[in-house]
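# Summary of the model geometry
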Amino acid sequence: VNDAIGIINRMVTGKPLIAYCYSEDVESIDAFISRTSSGNVAVNSGPQRMISNYNAAFGGIGPSGTGASMWGREAMKEFCNRKYVMRAKGGFAKS
């Protein structure tokens, strides 16, 4: 997890819209969430679950957050830079 955190934090292209963490270790997951900066985080889940969650805004922070898709309650919080975290129940998501 530390290697993944380092790679994300050194990205020359900026902060990702969604960062994906696949682990069963709670401490590693918490470290990933707290030590990376991204629009959203998906834990043990793929992009389809994050994008299909209408309660979470889809967009990034910094330049990648410009023009973020906002709907529902999140439209009122456009500039607060919340990070949503989705955790798959029962281990890793299955296709």
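Rules behind the numbers
Residues numbered from 1 in each chain as written. Predicted model: local features only at pLDDT ≥ 70, side-chain atom pairs only at ≥ 80, totals over all residues. Heavy atoms only, no water. Helix = DSSP H or I, 4+ residues; strand = E, 2+ residues; numbered from the N terminus. Buried < 20%, exposed > 50% of the residue type's maximum accessible area, 1.4 Å probe, protein only. Contact = heavy atoms within 4.5 Å. Areas by Shrake-Rupley, 256 points an atom, 1.4 Å probe, with all protein chains shown as cover. Pairing = 2+ DSSP bridges. Right-handed = clockwise from strand over helix to strand, strands pointing away. Axes fitted to C-alpha atoms, helices over the stretch in contact; angles between N-to-C directions.

### Structural notes on the overall build of the protein
- Within the protein, the secondary structure is distributed over 3 helices and 3 strands.
- Buried positions account for 34% of the 95 residues belonging to the protein.
- Put simply, 53% of the contacts in the protein that link residues at least 6 apart link residues at least 24 apart.
- Only carbon and sulfur atoms are counted for the fraction: they give 55% of the accessible area of the protein, which is about 6300 Å².

### What about the pairing of strand S1 (residues 18-21)?
- Judged from the 4 bridges that link them, S1 and strand S2 (residues 40-43) form a sheet pairing that is parallel. The residue of S2 that forms the bridge with Cys-21 is Val-43.
- Note that the unit made of S1, helix H2 (residues 26-35) and S2 has a crossover that is right-handed.

### Section: the sheet that holds S2
- Reading across the sheet, the 3 strands line up as S1-S2-S3 and stay open at both edges, with parallel pairing between neighbours. In this open sheet, the two strands that pair with only one neighbour each are S1 and strand S3 (84-87). With strand direction ignored, the average angle separating the axes of adjacent strands in the sheet is 15°.
- Taken together, the 4 bridges between S2 and S3 define a ladder with parallel strand orientation.

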